[in-house]
Amino acid sequence: RTSVPISPISFCQRLSVLTCSMAPVAPVKSGNSWKNLLLLTSGNERLLDEEDIDFGSDVYALAESSTDELLSSWKVFTALKDESYDGRRLENAAWRLHAMQKLGKTPSFQAASQVTQGRCAFNKEAPISAQLDAHLSHTHADLGKAIADSDGHPMLDDSWAAKHLLGLCLKNKLSNDAVGEILQVIQHVDFRPDDLPSTPEQLRALPHHQRPVCAIFTHSLERNGANNFCLYIARLLKNNQNLTIFSPKAGPMKEDFEKLGLEVTIVDTTSKSFLKDLSCALQERKVEILLANTIMRCDIILMAAQLRMRSVWVIHESWPQDQLDHYAKEVFMCKDIDAAVIRKAFAAAGTIVFPSDMQRDLYNGMFKPQAGLTIYNGIPLQQLDAFKHTQDRRQVRAALGYTDQDFLVLHLGTVCSRKGQVFSAKACAKLITENNCTNLKQLIVGARYIRDHEIKYIDQIFDVAASYGLSCRRWEELSEDEAGKPDITIMDIQAAVLRFYMAADVVLVPSLNEVLPLVICESMAFERPVVCSNIDAIPEALSDGVEGFLVPPGNADAIRDAVLQLYQSPELRKQMGAAGRARVLKQFSYEHMGECYRELLDTVPAPEEKLHGEVLKGKTVLVDMDNTIVDWDGEFIRRYSEASGQDPLVVEKLVRNREKFEIEENFQESERAQVMEVIASPGFYESLEPLPGAVEALHKMVDEGIDVKLVTAPHPLCAGSCAREKFISVERLLGPEFLERMIITRDKTHVQGDLLVDDKPRVSGSRTPSWKHVLFSQSYNQGMEGKGRLSMWTEWADTLSKSI
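The text that follows walks through the structure, step by step, so that each part is easy to find. Keep in mind that this is a model prediction, so the values were computed, not measured.

## Section: the overall build of the protein chain
Across its full length, the protein chain carries 32 helices and 20 strands. Counting over 804 residues, the protein chain shows a buried share of 49%. When contacts within the protein chain are restricted to residue pairs at least 6 apart in sequence, long-range pairs at least 24 apart make up 66% of them.

Structure, rendered in structure tokens:
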């Protein structure tokens, strides 16, 4: 110890710049160098910060020490093995002062004067360190004055930490409150950089009490791929996110969720008091985020918008926009939803997750662009691998009745027309009877006997087998000795499906309508080659000839040819299986999916405030019809292609990308007569279908107190029939209440209003219009500038508000 009590540990924590009158000394960087002020220079005057003076007091205390004390001080540093810049400096200072003492010199007071630039006189009778401490307050006062003299803007040192932190604040537009909270964490006495995870994903995986409760809404609790997704997400998030489950009806998966320790609440979505009852249930559980699974939970998204709650909508289906009613009513037998409800939910949704880019493109125009994102569905490889490593394939096959000599073709999925089991049965029947694959057996897993159309479809599979003279049996009706013997076996839906992948030689997914089924990824994880339909997002998961084969949908012969190649080549099966496994590891990681959903739930935005309501309420908005509300081009393409015999794709390219507003001006002179005949053909205007989101937008505008008028000009070639058909069309698409909002006129400048939404590049007439023209974006008006532009109806509120 030196003669002045100084803890050796403090030496390692201090940093300073020793100055002399002859030359300036550069500032020294350290862990907290951000708070070192630049030495403000006025002539030769220099100001030092508190740590400079602390270091100086240490040095001068050493100067007053004896040789033995100096040696002891040096031993302290040696024992601490202090390799820091501070430690080396103090060690050096100790030896210098030791040498000076041997020469009889006493530099301490002279050095102290240099540190303070002669601003303070020192009493030689008192310890210098104490006098330096007293001088510290004067230094702070001078420092504050210097900062004030520089317009109150402190000049920060060239600090790496400060610069990068400020850069992040500017890049992410962080408020002062947010920055202050970050600095509080960094400056806290318990902050240790080594305690932090090395990646944001690891940080988000930690539990935290500030995370709100998230309610997952399933469309049922039956065992299927969409509900399995909810189960996977629950497993991934339950340890760091408060979760609760809601479903419209009970089912076998209720027990699966309860085994995870999650509460499952059954709510009757058909009840008149559904919204009120559900609101109470959500409040009781303190739910702040709703995660709705499948397109059939569009009611939950609409409810979230009404309750001003944050929501995430996960869409598994790929329903073409012009077939929403067909799939809702006829395929999935939904009584409470239709195309109008689905479109309204898409427009209201704050965040929509698609499992593929293809699917997002399919619904393009129905949702706000910033609301949609793609997250590929992952699979639980750890669970799959555990099964692979603990089960014997021969025993698994034997339990199903299959021998080593059997070539097993698996088709796993709900048995229905959408999944294409009839085509896979035809393919296998042809392989057995026509290609002499006598040891080939097909196992179809996923039959259920609930819906009439599914029962009839199962009967069709039996008919296929009978037509080829093959045996087809239901697994549940087979005796133990009969298992595995039929050419085609149909098994009911199963909870545990991993054994089927292990038993199979080839897996078929010949769906007619599908997004990206988990069966493909799970098959590849088991290193099984897959034969899939080349539709929707399936090509995003499997490359033809690499992990399996892509075949045209509904083509039994193409399925047969692909399976035959695999049947004949064990090496090809092995090669494709290995490629599939590699792709799963790269693209469909279970952990990566969980990381994406953790981040999403932590950052899902709150519903936007309806500021446009105040701006537009009470305003009159005039709206054109053709190519603004209804798809005039689409009907023309269909009719002209039929009338002329031209390729519809060629006609569509010409019409959709035309440069001139008047349609006939984009055709050859010889074709224009037929163009005009199509326009005047009976039923043309009556048949026009709405553009995405238009109907919902108009109803929403009226609901929000906007005076909407449909202002449309009849075509001069058929003015009478055109006007009559437009009235019929409006009543069909918008309802009879909109008939009184219609105005038929050739001169729109006579109509009073605040805005006119119209696709025509220039709308002119005999008067100066009272309205402001907002272009509805089409190819032929892209050259117009200086006007508001509405690209899609989901953006009407922002666009019209800005135009007002």
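The rest of the description comes next.
## Here's the deal with the sheet that holds strand β11 (residues 488–492)
Judged by pairing direction, the sheet is parallel, and its seven strands sit side by side in the order β10-β11-β9-β8-β12-β13-β14 without closing on themselves. At either end of the open sheet lies a strand with only one pairing partner, and these are β10 (472–474) and β14 (548–551). When the angles between neighbouring strand axes are averaged without regard to direction, this sheet yields 20°. Of the pairings in the sheet, the one linking strand β9 (residues 440–447) to β11 comprises five bridges and is parallel in character. The residue bridging L443 from the neighbouring strand is T489, located in β11. Docked against the sheet, helix α20 (residues 452–467) engages β9, β10 and β11, running at close to 145° with respect to β10.

## Considering the packing of helix α14 (residues 324–331) against helix α15 (residues 339–348)
Contact geometry of α14 with α15 gives a least axis separation of 8 Å together with a crossing angle of 120°. With respect to their mutual orientation, α14 and α15 come out oblique. As for the relative orientation of α14 and α15, their crossing is right-handed in sense. Facing α14, whose interface residues are L324, D325 and A328, α15 presents A339, I342 and R343.

## Focus on the packing of aromatic side chains
Per the stated rule, a full pass over the model turns up 22 aromatic pairs. Between W319 and Y327, the ring centres sit 5.8 Å apart and the planes meet at 15°, which makes this aromatic pair stacked. Taking relative accessible area as the criterion, W319 reaches 0% and is therefore assigned buried. Residue classification places Y327 among the buried residues on the basis of a relative accessible area of 11%.

## A look at the pattern of salt bridges
One pass over the structure, following the stated rule, counts 39 salt bridges. Between D492 and R474 there is a salt bridge, with the nearest N and O atoms lying 2.7 Å from each other. Taken together, the residues D492 in strand β11 and R474 in strand β10 connect sequence positions 18 residues apart. Measuring nitrogen to oxygen at the nearest pair gives 3.4 Å for the salt bridge that ties E547 to R583. Of the two residues, E547 is situated in the loop between β13 (530–533) and β14 and R583 in helix α24 (residues 570–587); the sequence distance between them amounts to 36 residues. Exposure class is identical for E547 and R583. Each is buried. Among the ionic contacts, a cluster of salt bridges with common partners joins K430, E434, D557 and R560.

## Quick look at the pairing of strand β18 (residues 755–758)
Two faces, one strand: in a regular strand the side chains alternate between the faces of the sheet. A two-sided burial pattern is seen for β18, the buried positions comprising L755 and V757 on one face and L756 and D758 on the other. Direction of pairing for β18 relative to strand β19 (residues 772–776): parallel, over a ladder of four bridges. When the bridges of β19 are listed, V757 appears paired with V774.

## Considerations on the side chain of D256
Tracing the backbone shows D256 in helix α11 (residues 253–259). A distance of 2.5 Å separates the side chain of D256 from the side chain of R223, its partner in a polar contact. For D256, the contacting residues outside a window of four places in its chain are R223 and L231.

## Focus: helix α27 (residues 632–644)
Its 13 residues give α27 an end-to-end C-alpha distance of 18 Å, which sits within 8% of 18 Å, the value for a rise of 1.5 Å per residue. For α27, the full list of buried residues reads W632, D633, E635, F636, I637, R639, Y640 and S641. Against α28 (648–656) and α29 (672–679) lie the buried residues of α27. Looking at the residues trailing α27, positive phi occurs at G645, about 75°.

## Section: the sheet that holds β18
Hydrogen bonding along the main chain pairs the strands of a sheet, whether they run parallel or antiparallel. Pairing is parallel in the open sheet, where six strands are placed in the order β17-β16-β15-β18-β19-β20. Edge positions in the sheet fall to β17 (742–744) and β20 (788–790), since each has one partner strand and no second. Across the sheet, the mean angle separating the axes of adjacent strands is 25° when strand polarity is ignored. The sheet contacts of helix α31 (residues 719–734) involve β16 (707–712) and β17, and relative to β17 the element is tilted by about 165°.

## Describing the packing of helix α23 (residues 556–568) against α24
Direction vectors running N to C along α23 and α24 enclose 105°, while the axes themselves pass 5 Å from each other. The angle between α23 and α24 places the two elements in the roughly perpendicular class. Residue-level inspection shows Q565, L566, Y567 and Q568 of α23 in contact with α24, the latter providing P570, L572, R573 and M576. Of the residues assigned to the contact of α23 with α24, the class counts are five nonpolar, two polar and one charged.

## Some thoughts on the environment of M792
Note that M792 resides in the loop between β20 and α32 (796–803). Since its relative accessible area comes to 17%, M792 is described here as buried. Along the backbone, M792 and G365 are 427 residues apart, and their C-alpha atoms lie at a distance of 6.1 Å.

## Quick notes on the pairing of β11
Taken across its five residues, β11 has five buried, putting it largely inside the fold. Covered by surrounding structure in β11 are I488, I490 and D492 together with T489 and M491, the residues of both alternating faces. The pairing of β10 with β11 spans three bridges and is classified as parallel. For C472, the partnering residue across the bridge sits in β11 and is I488.

## Digging into helix α10 (residues 225–237)
An α-helical turn contains 3.6 residues, so a residue and the one three or four places further along point in the same direction. Spanning 13 residues, α10 covers 18 Å between terminal C-alpha atoms, matching the ideal 18 Å at 1.5 Å per step. Among the 13 residues of α10, ten are classified as buried, and the element is accordingly described as predominantly covered. Inspection of α10 places A226, N227, F229, C230, L231, Y232, I233, A234, L236 and L237 among the buried residues, and these make up the whole buried set. The residue sitting at the N-terminus of α10 and contributing the capping side-chain oxygen is N224; that oxygen lies 3.3 Å from the backbone nitrogen of A226.

## Focus on unusual backbone geometry
Trans peptide bonds make up the majority, and among non-glycine residues the majority have a negative phi. Unlike most non-glycine residues, N436 shows phi in positive territory, near 60°. Note on placement: N436 falls in the loop between α19 (421–433) and β9. With a phi close to 45°, D536 is a non-glycine residue in the positive phi region. Within the secondary structure, D536 sits in the loop between β13 and β14.

## What to know about the environment of E662
You can see E662 is positioned in the loop between α28 and α29. The partly exposed category is assigned to E662, whose relative accessible area is 32%. Between the C-alpha atom of E662 and that of K760, which follows or precedes it by 98 residues, the distance is 9.4 Å.

Reading the values: the criteria
Residues numbered from 1 in each chain as written. Predicted model: local features only at pLDDT ≥ 70, side-chain atom pairs only at ≥ 80, totals over all residues. Heavy atoms only, no water. Helix = DSSP H or I, 4+ residues; strand = E, 2+ residues; numbered from the N terminus. Buried < 20%, exposed > 50% of the residue type's maximum accessible area, 1.4 Å probe, protein only. Contact = heavy atoms within 4.5 Å. Pairing = 2+ DSSP bridges. Axes fitted to C-alpha atoms, helices over the stretch in contact; angles between N-to-C directions. Parallel < 35°, antiparallel > 145°, perpendicular 65-115°, else oblique. Left-handed = near helix turned anticlockwise from the far one by under 90°. Phe/Tyr/Trp six-rings, centres within 6.5 Å; stacked < 30°, edge-to-face > 60°. Salt bridge = Lys/Arg side-chain N within 4 Å of Asp/Glu carboxyl O. Polar contact = N/O pair within 3.5 Å; in protein donor to acceptor, adjacent residues only side chain to side chain. Expected span 1.5 Å × (residues − 1). Nonpolar A, V, L, I, M, F, W, Y, C, P; charged D, E, K, R; others polar.

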